[in-house]
Amino acid sequence: MSSPTRRLTVAQALVRFLSVQYTERDGVRQRLIAGTWGIFGHGNVAGLGQALLEAGEDAMPYHQGRNEQAMVHAAVGYARQLDRLSAQAVTTSIGPGATNLVTGAALATVNRLPVLLLPGDSFATRAADPLLQQLEHPVEADLTVNDTLRPVSRWFDRVTRPEALIPAALHAMRVLADPVETGAVTLALPQDVQAEAYDWPEEFFAERIWRVRRPAPDPAELAAAARAIERAARPLIVAGGGVHHSGAEDALRALVDATGIPVASTQAGKGSLRHDHPADVGGIGNTGTAVCDDLARAADLVIGVGTRYTDFTTASNTLFQNPDVRFVNLNIAAFDAHKLAASSLVADARTGLDALTEALAGHRVDAGYEAEYRAGKERWERVVAAAYRGDDDAVPTQTQVLGALDAVVGDDDVVINAAGSLPGDLHKLWRARGRRQYHLEYGYSCMGYEIPAAIGVQQATPDTPVWALVGDGTYLMMPTEIVTAVQEGLPVNLLLIQNHGYASIGGLSESVGGERFGTAYRYRAADGTFSGDPLPVDLAANAGSLGMDVLRATTVRELRDALATARASDRPTCVYVETDTATATAPPAEAWWDVPVAATASREAAVRAREEYERQVAARRRHL
């Protein structure tokens, strides 16, 4: 007897399949694909566009975007806010719509965050060849622009026949739901195949639950890790994004309360402990705190939890200077657990931390070590207070802008940033109060991420105040999704900081002998350089023209009042402030970052920078 079937197009079948996929962790079930972002063109309008229309909002909510890259950013923000247990899909036409996905896909994969990409593709039948926007290759006839997504996807398939969708869709869900494998997943969909009908087995549309595992540590690895910690005189925990993804904050706090080991945080891991926990010593690495980096230099054991050790965290392998330093890495991915020649503990972060707490029962670091890092934490708190403090009637510096925001936000607010000079100031200074409050995308550090990500976070947690912190350089990259926030009635808050250029890269350029070349937003001067008056752009007026309510602030007091008004609003609101860039209130970098400097140069600034570079690079270590 034949099994029952249902006749649908490939696109209709895919949408129906996605609507009944779920994740489950700790007994909680969520939609795996909770909605689909889309911009339609000839490559998907009659396929996935028609399928989404036919399915209806209950089966598959549709979200209209303005830029394909931004749609991926919104989906990434959504997935991060929900601990990677629920994700969104993004559909585009062929050609530029598809290639616009590449940056967003790279960001998702670098950060290990799930997003399903559904770009249209050229005809599988080659009935029309070449068609509009098709890239022809003289020796690879099956190559399309969608192949640019292969290196930035965790899994890629091109569905060239209807029946091929069944294994492709199942594999896609497996990767999206796997905390080790997850990232961008691409199903390239030729536009003729999208519209082709097929008799699908009903079993394909049965509800499926993808259980998100919490693997426990191997007993031998656990015992070795516990021994290493017990023998260490100056251990330091480095908390990464895996702590948040696993929901392991309580487990981390229990371990720290029992053992007294201090906790440093990466950009992704900040907030793993509340800022006022006595063992929280703040950010680590190039953008870290003085107390944290001093502890890192002297640590004899570094315990990485859910971190992948980027060069900002390790200060380009110059930070951990104790000649006897060793590493223990707790990570769900063996790939990351083995970094820095570590003793690996391959496990879910929460499960592994619980096991470590039990294995270390009765063990505590020396009281003198606790007193040392607590005193260092108190000293740094005075640095933070000084950076935040400003005359109420003065133009605020950038750190005073953060101080004003700190005075307004609640424990559950989410603060989003990704690029520019803000990540360094935030990592050093922000007082994270909740597990998801500090939302820094610093794996790819992608300008333009903040506004669409704020939309995704707002969709994921509608009652949460969300702040996108954006400088003028980032704003000009991608303000388009303001229109989406307005259209959907999402009350995201945009804190728009005007400092007339690429402030972060300007500072970096100066430090490496580049003399801030090409980093200021100014008119050309008589000598041909961009050193004239600031450009007369009005970014606040631009945000208003896209539909946002706009509040302008010129002083610290006005800024604080505007931020409070924005937080209370139920409308998308922009708070615009021009900062004082002449007064330095940000603490300097406490560790190095390797940006190679010209080995030969005639300009004095580059010559001096090279001398400093050679001095710093001499401290680099290979941890073997």
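Residues numbered from 1 in each chain as written. Predicted model: local features only at pLDDT ≥ 70, side-chain atom pairs only at ≥ 80, totals over all residues. Heavy atoms only, no water.

Caption draft 1: A look at the overall build of the chain. Within the chain one finds 24 helices and 23 strands. The principal-axis extents of the C-alpha atoms in the chain amount to approximately 75 × 70 × 55 Å. In the chain, buried positions account for 57% of the 624 residues. Counting contacts in the chain only where the partners sit at least 6 residues apart, residues at least 24 apart contribute 77% of the total. As displayed, the chain has an accessible area near 24,500 Å², and 52% of this comes from carbon and sulfur atoms. Charge-centre separation for the chain: the mean point of 57 positive side chains lies 4 Å from the mean point of 76 negative side chains. (Helix = DSSP H or I, 4+ residues; strand = E, 2+ residues; numbered from the N terminus. Buried < 20%, exposed > 50% of the residue type's maximum accessible area, 1.4 Å probe, protein only. Contact = heavy atoms within 4.5 Å. Areas by Shrake-Rupley, 256 points an atom, 1.4 Å probe, with all protein chains shown as cover. Lys, Arg positive; Asp, Glu negative; His and termini not counted. Charge placed at Lys NZ, Arg CZ, Asp CG, Glu CD.)

Caption draft 2: Structural detail: the side chain of Gln88. For Gln88, the location among the structural elements is in strand β6 (residues 87–92). Overall, the relative accessible area of 1% leaves Gln88 in the buried class. Within the structure, the side chain of Gln88 is placed 2.8 Å from the side chain of Trp37, a separation counted as a polar contact. In this view, Gln88 contacts Ile33, Gly35, Trp37, His63, Ala74, Ala75, Tyr78, Val115, Leu116 and Gln459; residues no more than four positions away in its chain are not counted. (Polar contact = N/O pair within 3.5 Å; in protein donor to acceptor, adjacent residues only side chain to side chain.)

Caption draft 3: Region of the structure containing the sheet that holds strand β17 (residues 343–346). Spatially, β14-β13-β12-β15-β16-β17 is the arrangement adopted by the six strands of the open sheet, whose pairing is parallel. Unpaired on one side and paired on the other, β14 (280–283) and β17 mark the two borders of the sheet. Pairwise comparison of adjacent strand axes, ignoring direction, gives a mean angle of 20° for this sheet. Relative to strand β16 (residues 326–331), helix α14 (residues 349–359) is tilted by about 125°, and along the sheet it contacts β15 (301–305), β16 and β17. (Pairing = 2+ DSSP bridges. Axes fitted to C-alpha atoms, helices over the stretch in contact; angles between N-to-C directions.)

Caption draft 4: Highlighting the pattern of salt bridges. Taken as a whole, this structure holds 40 salt bridges when the rule is applied. Between Arg253 and Asp250 there is a salt bridge; the shortest N-O distance is 2.9 Å. Separated by three residues within a single helix, Arg253 and Asp250 lie in helix α10 (residues 249–259), roughly one turn from each other. What emerges from the salt-bridge pattern is a single network uniting Asp26, Arg214, Asp348 and Arg350. (Salt bridge = Lys/Arg side-chain N within 4 Å of Asp/Glu carboxyl O.)

Caption draft 5: Expanded view of unusual backbone geometry. Residue Pro130 is reached from Asp129 by a cis peptide bond, and omega for that bond is 0°. Phi at Asp26 is positive, roughly 55°, even though this residue is not glycine. Along the polypeptide, Asp26 turns up in the loop between β2 (21–25) and β3 (28–31). When its relative accessible area of 47% is taken as the criterion, Asp26 is described as partly exposed.

Caption draft 6: Local environment of the environment of Glu604. By the secondary structure assignment, Glu604 is in helix α24 (residues 604–617). On a C-alpha basis, the gap between Glu604 and Gly513 in space is 8.0 Å, while along the polypeptide they are 91 residues apart. At 2.8 Å, the side chain of Glu604 forms a polar contact with the side chain of Arg608.

Caption draft 7: Structural context of the side chain of Gln69. With respect to the helices and strands, the residue Gln69 is situated in helix α3 (residues 68–81). Residue contacts for Gln69: discarding those within four places in its chain leaves Asn100, Thr103, Gly104, Cys446, Met447 and Met478.

Caption draft 8: How the structure looks around the sheet that holds strand β23 (residues 573–578). Read from one edge of the open sheet, six strands run β19-β18-β20-β21-β23-β22, paired in parallel fashion. Unpaired on one side and paired on the other, β19 (438–440) and β22 (549–553) mark the two borders of the sheet. Each adjacent strand pair in this sheet contributes to an overall mean axis angle of 20°, direction not counted. Sheet analysis places strand β18 (residues 414–417) next to β19, joined by three bridges and oriented parallel. The partner of Val415 across the bridge, within β19, is Tyr438. Contacting β18, β19, β20 (466–471) and β21 (493–498), helix α18 (residues 450–460) runs over the sheet at an angle of about 175° to β20.

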